[in-house]
Amino acid sequence: MKYYSTNRQAPVATLEEAVVKGLAADKGLFMPETIKPLPQEFYDTIETLSFQEIAYRVADAFFGEDVPAETLKQIVYDTLNFDVPLVHVKDCIYSLELFHGPTLAFKDVGGRFMARLLGYFIRKEGKRQVNVLVATSGDTGSAVANGFLGVEGIHVYVLYPKGKVSEIQEKQFTTLGQNITALEVEGTFDDCQALVKSAFMDKDLNEHLQLTSANSINVARFLPQAFYYFYAYAQLKKAGKADNAVICVPSGNFGNITAGLFGKKMGLPVKRFIAANNKNDIFYQYLQTGQYSPRPSVATIANAMDVGDPSNFARVLDLYGASHAAISAGITGAAYTDEQIRETVKKTYEDTHYLLDPHGACGYRALEEGLQPGETGVFLETAHPAKFLDTVEGIIGDKVEIPAKLQAFMKGEKKSLPMTKEFADFKKYLLSL
Ligand SMILES: *Cc1c(COP(=O)(O)O)cnc(C)c1O
């Protein structure tokens, strides 16, 4: 399969090139040239298949031309060594719990898949070591670091802003050792991102080291997210609720929801999607006005959605031929303030005993307000509430149980290298490796 750039000013790339480069030379995002529909027979019997079996069928449609069947199957099965259960919350609303992986957020799926696919390309070609640089404000660093942990031929450098990630998040990427190095940057998340961007553009560094990025624009992180939309549908079908399914996705950079839109293109019977925003409601405003006006992000309690210029909007436009009418017909929107998020977490906990995290709360509320008679709603519960312990405990006025997996991270010893926000220092460090 070839991948083209959404800007259409760069040559088409192979899967391997798209994965190693991340971004196209014209700064566009890679898109697969064809999105293959899955046969009716697959949908007819989907409820009889396991998550791994379903995911492999979807992965084969994307990557089957480029990766041998046995290898791809192994990658998919290794990636998905945890469940993604669909849990009934109330009335016609279900939660797709994406937090049962190693770092308790949906980014585990893409992070683990990308690590294994890149590992395969490196083994196949006998490539020299690949260095993954990733800037994080919290969840991405942990998913990528844990996904790549122990993968031969790859070293990961996680750059994070000192004092600006929660203790739990920090422990998830500073305690691992092996092929993971955490760099504690004296600066903000934007400074971390600027260091990574400068490194990719620096000629000396690129001659000295093979560098790649593992953020959500990478096709190997983004496409595998389609797997669980199919599995959600399978579980709905098993429950006899698959007609008029509406899927609501708490969205920041729009990678997650875009993978769902790919699923729909492959024939997945979803009636419509809802993109739930926090106060960073750039997409919501776009739906209302037809104008896309990016602006600096503001901090909210659903911080993984604090994005002021969602990268994957380019992919949404591309999928719908840049038609506002087509996009609005397929996706509706919602946006909530911190106050509304708090209210939703509290009320849902009191009424149903279901504990939402601040991101999932946006998704839940959009369904509660937006479902029409006869529709069944699924919201993506994108992270475990214990990842936002102080916020959530503050809202419900009660202790939140910390899952064993998180507790294990808390016991590890933090190891990180201090780094200034000056590119010269970062470059000197990388050249010394
Ligand atoms: C990353 C993240 C999101 C936003 O996902 P996008 O793919 O960037 O839209 C939502 N919730 C949580 C918990 C996240 O970590």
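Scoring rules and cut-offs
- Residues numbered from 1 in each chain as written.
- Predicted model: local features only at pLDDT ≥ 70, side-chain atom pairs only at ≥ 80, totals over all residues.
- Heavy atoms only, no water.
- Near = heavy atom within 4 Å.
- Polar contact = N/O pair within 3.5 Å; in protein donor to acceptor, adjacent residues only side chain to side chain.
- Areas by Shrake-Rupley, 256 points an atom, 1.4 Å probe, with all protein chains shown as cover.
- Nonpolar A, V, L, I, M, F, W, Y, C, P; charged D, E, K, R; others polar.
- Pairing = 2+ DSSP bridges.
- Helix = DSSP H or I, 4+ residues; strand = E, 2+ residues; numbered from the N terminus.
- Axes fitted to C-alpha atoms, helices over the stretch in contact; angles between N-to-C directions.
- Contact = heavy atoms within 4.5 Å.
- Salt bridge = Lys/Arg side-chain N within 4 Å of Asp/Glu carboxyl O.
- Buried < 20%, exposed > 50% of the residue type's maximum accessible area, 1.4 Å probe, protein only.

(A) How the structure looks around the site of the ligand. Surrounding the ligand, one finds 15 residues, the nearest of these being K107, G252, N253, F254 and T382. One of the side-chain nitrogen or oxygen atoms of D139 is found 2.9 Å away from an oxygen atom of the ligand. In isolation the ligand offers 380 Å² of accessible surface; the protein chains occlude 96% of this area. Considering only residue class, the shell around the ligand consists of six nonpolar, seven polar and two charged.

(B) Representation of the sheet that holds strand β8 (residues 210-213) in the model. The strand order across the open sheet built from five strands is β8-β5-β6-β7-β13, with neighbouring strands paired in parallel fashion. For this open sheet the edge positions go to β8 and β13 (417-419), each flanked by a neighbour on one side alone. On average, each strand axis in the sheet is inclined to that of its neighbour by 30 degrees, with strand direction left out of account. Pairing between strand β5 (residues 130-135) and strand β6 (residues 154-161): six bridges, direction parallel. From the neighbouring strand, V132 faces β6, where its bridge partner is V156. Where helix α6 (residues 139-148) meets the sheet, it contacts β5, β6 and β7 (180-185), and its direction lies at approximately 165 degrees from that of β6. Lying over the sheet, helix α20 (residues 423-431) contacts β5, β6, β7 and β13, oriented at roughly 140 degrees with respect to β13.

(C) How the structure looks around the pattern of salt bridges. Evaluated as defined, the whole model comprises 20 salt bridges. Its salt-bridge partner being D202, residue K427 comes within 3.2 Å of it at the nearest N-O pair. In this pair, K427 is assigned in helix α20 and D202 in the loop between α8 (189-201) and α9 (203-208), connecting sequence segments 225 residues apart. Given a relative accessible area of 13%, D202 falls into the buried group. In this structure, K271 and E375 form a salt bridge, with 2.7 Å as the shortest nitrogen-oxygen distance. Remark: E375 occurs in the loop between α17 (358-370) and β12 (376-381) and K271 occurs in the loop between α12 (255-265) and β10 (272-277); sequence separation between them is 104 residues.

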